[in-house]
Amino acid sequence: MPHLIWAADDQGRTLQGNAAWRAYTGEGALSGTVSVTALLAPEAQSALSARLADQEPFELELSLRGADGVPHGFRLNGERAAAGPGGASAWVLTAMNIDDLLQERQRSAQLQSMIDASPNCIKVLDLEARLLSMNEGGQATLEIDDFDVCRNLLWLDFWDGPTRTVVQDALDRARQGEPVTFEAARATFKGTPKWWRITVAPLYDAEGRIHQLSAVSRDITATKAAQEALAALDAFVAFTEVAGAGTDVLLLAQHAVEVLRSTLGNVSVVYYTLQGELWKAQVWSADLAPETAAVLAAGVPVTAPSYAQALQTAQPVFAAGWNAAAQGVDHTGEYGAGALFPCFVDGRPHGLLGLGTRQAEELTKREQAVFRAVGRSLTLALERADAAQQLIDQRTELEARTRALEGFAALLQDLTVQSDRTVLLRRAMELVRQLIPVGYASYYQQQGTRWFSMVRVGAVGSTPLQTVINAGLPVGRTPSLDVPCETKEAWFQDSYDPARDVDVTLVQHVRTVATLPVVVDGRVDGIFSVVLFEARPWSAADRTVLSTVAHSLGLALDMSQGVMHLAEERRKLEAANEELEAFAYSVSHDLRTPVRHIMGFASLLRKHLGGGLDEKTARYLSVIADGAGRMNTLIDAMLDLSRTSRQPLRVTPVDLGRLVERVKLDLQPDLVGREVRWTVRSLPMVMGDPDMLHQVVENLLSNALKYSRDRDEVTIEIWAEERPAEWAVFVRDNGAGFDPRYGNKLFTVFQRLHRQEEFEGVGVGLANVRRIIHRHGGDVAATGQPGQGATFSFTLPRP
C-alpha cells in the first residue's frame with residue numbers, strides 16, 4: 001500500500017506498521033516506545049491525543065514529520081480495532097499524503113483573496129444569467145451591503161433601454177464561446193451614477209463544456225469624466241475655429257449644440273429660426289425626446305412668454321422652475337429650468353439658441369456663463385456667415401444670370417438659320433431644365449377664351465391633367481396664368497395651392513410653380529410656366545434664372561429688338577461683373593490692415609506673456625494666429641481671382657508640352673520623399689496667354705500631388721485629345737478623389753469637398769482655372785470617385 005498504515009495503543013505508541021510507514025518514519029518508530037504525536041507539529045499533538053482518548057473513529061488533517069525531519073501534509077483516519085486473544089485493543093491508523101491538495105487549497109485561497117480585494121466587480125452567472133456569486137471588492141464598488149438581496153436574480157434585469165439589447169447580445173455570444181467587452185452606464189445599488197467597462201466570457205468545466213459565465217465590470221467613471229472634459233475643450237476649440245471661418249448656419253448651430261452638451265453634460269439644446277410667427281427648431285441635441293422634437297420643429301409661437309421676452313429685449317432669458325403649460329410649449333414638462341439666447345444680426349432676429357436641464361430648477365452661475373459665451377460666439381459667427389452669404393448670393397445670382405444669358409446668346413446665334421418659333425421655345429425650356437430641376441415646363445398662349453400649351457418639355461405626371469391641359473384652361477379662371485398676364489410680373493409660388501387653377505384631385509403631385517410673362521414688343525406673348533413635383537422654395541438664383549430666361553426669350557422672339565436688348569443686357573452684365581470684381585479687389589485690400597493688426601497684436605501678446613504662457617492660452621493664441629493666417633490666404637485668393645478677370649489676355653502660341661515640363665520643375669520641392677510616376681503623352685501647340693495657362697497647369701498638377709499624398713506610389717497622367725473644333729487636355733491622378741454628386745461645386749469659389757484638416761486650401765484655385773479657361777473660350781470638367789482618384793480636363797479652341 002502506498003499509504004502509511006500502522007497500529008498504535010491508546011497513547012499513540014506504534015505497535016506495528018507497513019512498509020510505507022517504516023520507509024517514511026524510520027525503523028525506530030516501531031520500538032513501541034515512540035508516540036506518533038512526537039512526529040506532529042505542536043498544534044496537532046493535542047488534537048490527536050483528544051481523538052485517541054474519545055475512543056471514537058476520527059479523521060484529521062495534520063502535518064507529520066518523516067525520518068528526514070521534513071513535515072508533509074496527511075489526512076489521518078483512526079479506527080478502533082477489536083481486542084485480540086491477549087485481550088488488548090489498539091488503534092488502526094491510515095495516513096494519506098495530501099501535500100498537493102493543501103497546495104491547491106493555498107493557491108485557491110490566495111486567488112480568492114486577490115479576487116475579493118479587486119475593486120472590479122467579478123460575477124459568476126449560470127447559463128440563464130442568474131447571479132451565483134460576486135467578489136467582496138465588487139460588492140463594495142456596486143455599493144451592495146448584502147449579496148443575498150441579488151443572489152439568483154437575472155443579471156439582464158438590471159439593465160434597461162438600448163443597453164439591455166447590448167447586454168443580451170454579449171450573453172448570447174458568451175454562451176457560444178466568444179468573450180465580449182462593451183461599455184455602459186448603470187447606477188450602483190445606492191443610486192450612484194457610474195460608467196462601466198464590462199467583459200462577459202464563458203467558463204468551462206473539466207470536460208471542456210461551457211457550464212457558467214463570468215461578468216467582470218470595471219468602474220471607468222473617472223476615465224469617462226476626463227474624456228468628457230477633454231471632449232468639451234476640443235469641442236469649444238472646434239467651435240471657435242468653425243465660427244471663425246464657417247458660413248453654413250446650421251453647421252455653426254450644430255457645433256454650438258455639441259459645445260454646450262460637451263461642456264455642461266446632461267442638457268438639451270435646440271437652435272430655432274423665426275418663420276412667420278413661429279420659432280421652428282432646425283437643429284437639436286440627440287437626447288431630445290422624439291415627441292418633444294416634433295413639437296419644437298412644428299414651431300413655438302413668438303408669444304410664448306420666455307420666447308417673447310427674448311425677442312423683445314434681444315437679451316438672454318433664464319427661466320427657473322420651467323412650467324410647460326405657462327410657457328405654452330407642450331412635452332417639456334420634464335425640464336426644471338430653461339434658457340434662451342436670441343441671435344440678432346443687423347438688428348433682426350437671425351436665430352434663437354435654447355437650453356433645458358432636467359437636473360435642477362435653476363441653472364448654475366457656471367451654466368449661465370457658458371451659455372452666454374456660446375450664444376455670443378454663435379451670434380458673431382452668424383454675423384460673419386450672413387456677410388459671407390450675401391457676397392455668395394450676389395455672386396451666385398450674377399453667375400446664374402450669366403449662365404442664362406450665355407445660353408440665350410447661343411440661341412440668338414441660331415436665329416440666323418433657325419426661325420421656327422416652336423424649336424426656339426423648346427430649346428429655352430431645355431435650357432431651364434439644365435439649370436433648375438423641374439417637373440416640366442410649358443409655354444401657354446391665349447387663344448380666344450382659353451390658355452393652350454403650345455410647347456412642353458417633360459411629362460405633367462398625370463394623364464387626366466394632360467387631358468385638361470390639352471382641352472385648354474379657361475382665361476379668367478386660371479389665376480396662375482391670368483395674374484402674370486395682367487400684371488406683366490412673374491409669380492413665384494413657393495407652396496402651390498392645388499385648388500387654385502383646376503380640380504384639386506388633378507394636381508396633388510404639384511408642389512411648387514413659377515409662371516412668368518414673356519413680353520414681345522410691349523405685350524404679353526405668352527406665359528412661361530415651370531412646375532416642380534417637390535417642395536422647393538424659389539431661391540434668389542432660381543428667380544434670377546427664370547426671370548432672365550423669360551425676358552431673354554421675349555427678346556429672342558422679337559427678332560429685330562431682341563438683338564439690341566440682349567446686347568444692352570450683356571453690357572449691363574459686364575458692368576456688373578467689373579463692379580463686383582472691383583468691389584472684391586477693394587474689399588481684399590481693405591481687409592489686410594485689420595488682419596495684420598490681429599496677427600501683430602497676437603504676436604505681441606505672446607511675447608508679453610513670455611514664460612507665463614499656459615497651455616490653454618497658447619492654444620487660444622494659436623487659434624487666433626491660424627484664423628488670421630487663413631484670412632490672409634483668403635484675401636490673397638480673392639485678389640488672384642480678381643486679377644484673373646481684370647488682367648488682359650496676351651494671346652500667343654503656347655507649347656503645352658514644354659509648359660508641363662516647366663511646371664513639373666517648379667513642383668520638385670513637393671516631391672521630396674515621395675514616389676511619383678509621371679506619364680505625359682504628346683501635347684499640342686495652342687493659342688493662349690502663356691502666364692494664365694501656366695497658372696492653369698500649375699493648379700491642376702499641384703492639386704494632383706496634394707490629393708495623392710496618402711498613396712505609397714503616386715501616378716499622374718497628362719494627355720490631350722483632338723476634337724473637331726478644340727483640344728481637350730486631361731490630368732488624372734490616383735488620389736483621394738471626390739463624390740461625383742458634388743462635382744459641380746469644385747469650380748465654385750470657396751467650395752471644397754474635403755475638410756481643412758485633411759487637405760489644406762481655400763477653394764479658389766479651381767475657380768481661377770475655370771475663369772481663365774472660360775476667358776480663352778473653353779470649358780472645364782472633372783470626374784472622380786472617393787478613394788479612386790480624379791480626372792480634371794479643360795478645352796481650348798483650335799487655332
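The structure this text deals with has already been given above.
Read on for an overview of the structure.

Observations regarding the overall build of the protein chain
Logical step 1: Helix and strand content of the protein chain: 20 helices and 29 strands.
Logical step 2: Considering only contacts in the protein chain between residues 6 or more positions apart, those separated by 24 or more positions represent 56%.
Logical step 3: On the protein chain, roughly 40,600 Å² of surface is accessible, and the fraction owed to carbon and sulfur atoms is 52%.

Remarks on the pattern of salt bridges
Logical step 1: All told, the structure shown has 26 salt bridges when counted by the stated rule.
Logical step 2: The salt bridge involving Glu61 is made with Arg75; its shortest N-O contact spans 3.0 Å. With Glu61 in strand 3 (residues 58-65) and Arg75 in strand 4 (residues 71-80), the pair connects residues that are 14 residues apart, well separated along the chain.
Logical step 3: Residue class for Arg75 comes out buried when judged on its relative accessible area of 18%.
Logical step 4: One salt bridge in this structure joins Asp205 and Arg209, with 3.3 Å as the shortest N-O distance.

Focus on the sheet that holds strand 1 (residues 4-8)
Logical step 1: Pairing is antiparallel across the open sheet formed by 5 strands, whose spatial order is 2-1-5-4-3. Two strands in the sheet have a free side with no partner beyond their single neighbour: strand 2 (14-17) and strand 3. The mean inter-strand angle of the sheet, taken between neighbouring strand axes irrespective of direction, is 30°.
Logical step 2: Pairing analysis gives 8 bridges linking strand 3 to strand 4, with the strands arranged antiparallel. In the sheet register, Ser63 faces strand 4, and the bridge partner there is Gly73.
Logical step 3: Here helix 2 (residues 42-54) sits on the sheet and contacts strand 3, strand 4 and strand 5 (91-97); the angle it forms with strand 3, its principal contact strand, is near 145°.

Observations concerning the packing of helix 18 (residues 656-666) against helix 19 (residues 690-706)
Logical step 1: For the pair helix 18 and helix 19, interaxial distance at closest approach is 10 Å and the crossing angle is 55°. Comparing their axes, helix 19 and helix 18 come out oblique. Crossing angle aside, the handedness with which helix 18 passes helix 19 is right-handed. Judged by residue contacts, Leu659, Val660, Arg662, Val663, Lys664 and Asp666 of helix 18 engage Leu693, His694, Val697, Glu698 and Leu701 from helix 19.
Logical step 2: Residues that form the contact of helix 18 with helix 19 fall into these classes: 6 nonpolar, 1 polar and 4 charged.

Side note on the packing of helix 19 against helix 20 (residues 765-775)
Logical step 1: Look at helix 19 against helix 20: their axes get within 9 Å of each other, and the N-to-C directions meet at 145°. Seen along the crossing, helix 19 lies across helix 20 with a hand that is left-handed. Every residue of helix 20 that contacts helix 19 at Met692, Leu693, Gln695, Val696, Asn699, Leu700 and Asn703 is listed here: Gly765, Leu766, Asn768, Val769, Ile772, Ile773 and Arg775.
Logical step 2: Broken down by class, the residue content of the contact of helix 19 with helix 20 amounts to 8 nonpolar, 5 polar and 1 charged.

Digging into the nonpolar core
Logical step 1: If you look at the biggest cluster of nonpolar residues, it comprises 36 residues, and the most contacted ones within it are Leu701, Ile716, Ile773, Phe792 and Phe794.
Logical step 2: Taken together, the elements giving at least two residues each to this core come down to helix 18, helix 19, strand 26 (713-722), strand 27 (726-733), helix 20 and strand 29 (790-797).
Logical step 3: It is helix 19 that provides the largest number of residues to this core, a total of 8 residues.
Logical step 4: Apart from residues no more than four positions distant in its own chain, Phe792 is found in contact with Leu700, Val729, Phe730, Val731, Phe738, Leu746, Phe747, Leu766, Ala781 and Ala782.

With respect to the sheet that holds strand 8 (residues 180-185)
Logical step 1: Sheet architecture is open: 5 strands sit in the order 7-6-10-9-8, paired in antiparallel fashion. The outermost strands of the open sheet, each flanked by one partner alone, are strand 7 (131-134) and strand 8. The sheet shows a mean angle of 25° between the axes of neighbouring strands, taken without regard to direction.
Logical step 2: Looking at chain direction, strand 6 (residues 121-125) and strand 7 are connected through 3 bridges and run antiparallel.

Observations regarding helix 8 (residues 290-298)
Logical step 1: Among all positions of helix 8, only Thr292, Ala293 and Leu296 are buried. Considered in projection along helix 8, the buried side chains sweep an arc of 100° and stay on one side of the axis.
Logical step 2: Of the surrounding elements, those touching the buried residues of helix 8 are strand 11 (267-275), strand 12 (278-284) and strand 13 (300-301).
Logical step 3: Just past helix 8, the residue Gly299 takes up positive phi, approximately 125°.

Here we look at the pairing of strand 2
Logical step 1: Pairing analysis gives 3 bridges linking strand 1 to strand 2, with the strands arranged antiparallel. Within strand 2, the position partnered with Ala8 by the bridge is Thr14.

Here we look at the side chain of Thr273
Logical step 1: In this fold, Thr273 is placed in strand 11.
Logical step 2: Here the side chain of Thr273 touches Gln275 through a polar contact of 3.4 Å, side chain to side chain.

Let's talk about the pairing of strand 27
Logical step 1: Most of strand 27 is tucked away: 6 of the 8 residues are buried.
Logical step 2: Note: strand 26 against strand 27, 7 bridges, orientation antiparallel. In the strand pairing of strand 27, Ala720 is matched with Val729.
Logical step 3: Once strand 26 ends, the chain turns through 3 residues before running back antiparallel as strand 27.

What about the side chain of Thr188?
Logical step 1: Mapped onto the elements of the fold, Thr188 is located in the loop between strand 8 and strand 9 (195-204).
Logical step 2: Overall, the relative accessible area of 4% leaves Thr188 in the buried class.
Logical step 3: When near neighbours in sequence (up to four residues on either side) are disregarded, Thr188 contacts Thr141, Leu142, Glu143, Lys194 and Trp196.

Remarks on helix 13 (residues 463-471)
Logical step 1: Buried residues of helix 13: Leu465, Gln466 and Ile469, and no others. Seen end-on, helix 13 carries its buried residues on one side only, within an arc spanning 100°. In helix 13, those exposed residues whose orientation departs by more than 90 degrees from the buried face are Thr463, Thr467 and Asn470.
Logical step 2: Buried residues belonging to helix 13 abut strand 17 (440-447) and strand 18 (450-457).

As for unusual backbone geometry
Logical step 1: One non-glycine residue, Lys488, adopts positive backbone phi at about 60°.
Logical step 2: A relative accessible area of 43% means that Lys488 is categorised as partly exposed.

A word on a nonpolar patch on the surface
Logical step 1: On the surface, Leu649, Val651 and Met687 cluster together into a nonpolar patch covering about 220 Å² of accessible area.
Logical step 2: For Val651, the location among the structural elements is in the loop between helix 17 (615-646) and strand 23 (652-655).

Some thoughts on the packing of aromatic side chains
Logical step 1: The tally for this structure, following the rule as stated, stands at 12 aromatic pairs.
Logical step 2: When the centroid spacing of 6.1 Å and the interplanar angle of 75° are considered together, the rings of Phe318 and Phe371 count as edge-to-face. Taken as a pair, Phe318 in strand 14 (residues 317-320) and Phe371 in helix 11 (residues 365-414) lie far apart in primary sequence, 53 residues in all.
Logical step 3: Overall, the relative accessible area of 0% leaves Phe371 in the buried class.
Logical step 4: Cluster of aromatic residues (ring-pair linked, three or more members): Phe318, Phe341 and Phe371.

Here's the deal with the environment of Phe533
Logical step 1: Along the chain, the position of Phe533 falls in the loop between strand 22 (523-532) and helix 15 (540-557).
Logical step 2: Along the sequence, Phe533 and Gly439 sit 94 residues apart, while their C-alpha atoms lie 5.5 Å from each other.
Logical step 3: The contacts of Phe533, once residues within four sequence positions are left out, are Gly439, Tyr440, Ala459, Val460, Gly461, His509, Val510 and Arg511.

What counts and how
Residues numbered from 1 in each chain as written. Predicted model: local features only at pLDDT ≥ 70, side-chain atom pairs only at ≥ 80, totals over all residues. Heavy atoms only, no water. Helix = DSSP H or I, 4+ residues; strand = E, 2+ residues; numbered from the N terminus. Contact = heavy atoms within 4.5 Å. Areas by Shrake-Rupley, 256 points an atom, 1.4 Å probe, with all protein chains shown as cover. Salt bridge = Lys/Arg side-chain N within 4 Å of Asp/Glu carboxyl O. Buried < 20%, exposed > 50% of the residue type's maximum accessible area, 1.4 Å probe, protein only. Pairing = 2+ DSSP bridges. Axes fitted to C-alpha atoms, helices over the stretch in contact; angles between N-to-C directions. Parallel < 35°, antiparallel > 145°, perpendicular 65-115°, else oblique. Left-handed = near helix turned anticlockwise from the far one by under 90°. Nonpolar A, V, L, I, M, F, W, Y, C, P; charged D, E, K, R; others polar. Core = buried A, V, L, I, M, F, W, Y, C linked by side-chain atoms within 4.5 Å. Arc of directions from axis to C-beta. Polar contact = N/O pair within 3.5 Å; in protein donor to acceptor, adjacent residues only side chain to side chain. Patch = residues over 30% accessible without salt bridge, like charges linked within 9 Å, V, L, I, M, F, W, Y side chains within 5 Å. Phe/Tyr/Trp six-rings, centres within 6.5 Å; stacked < 30°, edge-to-face > 60°.

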